[in-house]
Amino acid sequence: MSDRRPIGFWLKLVDRLIDEQFALTLEEHGITRRQWQLLNVLAAGPASVEQLDAEVAPFLQAATDDSPAESSVEHLTELIESAWVNATPTGYELTDRGAAALARLEVVVAEQRTRSTAGVSEQEYLTTVSVLERVARNLGFER
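This text gives an overview of the structure that appears in the document. (Residues numbered from 1 in each chain as written. Predicted model: local features only at pLDDT ≥ 70, side-chain atom pairs only at ≥ 80, totals over all residues. Heavy atoms only, no water.)

### Focus: the pairing of strand β1 (residues 85-88)
Here is step 1 of the chain: With four bridges connecting them, β1 and strand β2 (residues 91-94) associate as antiparallel partners. For A87, the partnering residue across the bridge sits in β2 and is Y92.
Here is step 2 of the chain: Linking two consecutive strands that pair antiparallel, namely β1 and β2, is a turn of two residues. (Pairing = 2+ DSSP bridges. Helix = DSSP H or I, 4+ residues; strand = E, 2+ residues; numbered from the N terminus.)

In structure tokens:
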């Protein structure tokens, strides 16, 4: 008889494994997942810290009694030092060097995503994402 575990088990397990593999893949290239996400947001155009925080909000630590909420600013320092991102009077923007680095990283990330979905058809993937979105909305997600 097969071991039928509930959806929560599989969601947490897959989420953890995705995070671990993605972190390892990016770390090999000297970047963190938050930095990767910020580069992707900035690839669409300049953004203020408020816009960046809103875009990556699900991945930032919320405020607690012991500490303030995490901000994108904390993850931009190395990107600015590497000349991948410029700080401007109105926010942040991707540099040409940052765009080139992002293009190289996109290839590595695409390879990782291909490995993680091996044996899953495009239709199965789309169905899975659709079902998870409906479950999230049923549980109150509104974005």
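### Concerning helix α1 (residues 7-27)
Here is step 1 of the chain: In a regular helix each residue adds 1.5 Å, so 21 residues correspond to 30 Å; α1 covers 30 Å between its end C-alpha atoms and thus fits that length.
Here is step 2 of the chain: In this structure, the buried side of α1 is in contact with α2 (33-43) and α5 (96-116). (Expected span 1.5 Å × (residues − 1). Contact = heavy atoms within 4.5 Å.)

### Considerations on the layout of surface pockets
Here is step 1 of the chain: Considering only enclosed or pocket space, the largest pocket measures out at about 1,600 Å³ in volume.
Here is step 2 of the chain: Forming the walls of the largest pocket are 31 residues, and the residues nearest its centre are V14, D15, I18, Y125 and L132.
Here is step 3 of the chain: Of all the secondary-structure elements, those providing two or more residues to the lining of the largest pocket are α1, α2, α5 and α6 (122-138).
Here is step 4 of the chain: Partitioning the lining of the largest pocket into residue classes produces 17 nonpolar, six polar and eight charged. (1 Å grid on protein atoms, 1.4 Å probe; cavity = no way out; pocket = protein on both sides within 12 Å on 5 of 7 lines; lining within 4 Å. Points joined across faces, edges and corners; volume = space filled by probe spheres on them. Nonpolar A, V, L, I, M, F, W, Y, C, P; charged D, E, K, R; others polar.)

### Focus on the packing of aromatic side chains
Here is step 1 of the chain: A full pass over the atoms with the stated rule returns two aromatic pairs.
Here is step 2 of the chain: Where F22 meets W36, the ring centres are 6.2 Å apart and the plane angle is 70°; that geometry is what we call edge-to-face. Pair noted here: F22 is in helix α1 and W36 is in helix α2, with a separation of 14 residues, a long-range link.
Here is step 3 of the chain: Here F22 falls in the buried class, since its relative accessible area comes to 6%.
Here is step 4 of the chain: You can call W36 buried: its relative accessible area is 6%. (Phe/Tyr/Trp six-rings, centres within 6.5 Å; stacked < 30°, edge-to-face > 60°. Buried < 20%, exposed > 50% of the residue type's maximum accessible area, 1.4 Å probe, protein only.)

### Examining the nonpolar core
Here is step 1 of the chain: One finds I31, W36, L52 and L76 to be the most contacted residues of the largest nonpolar core, which totals 21 residues.
Here is step 2 of the chain: With five residues, the single largest contributor to this core is α2. (Core = buried A, V, L, I, M, F, W, Y, C linked by side-chain atoms within 4.5 Å.)

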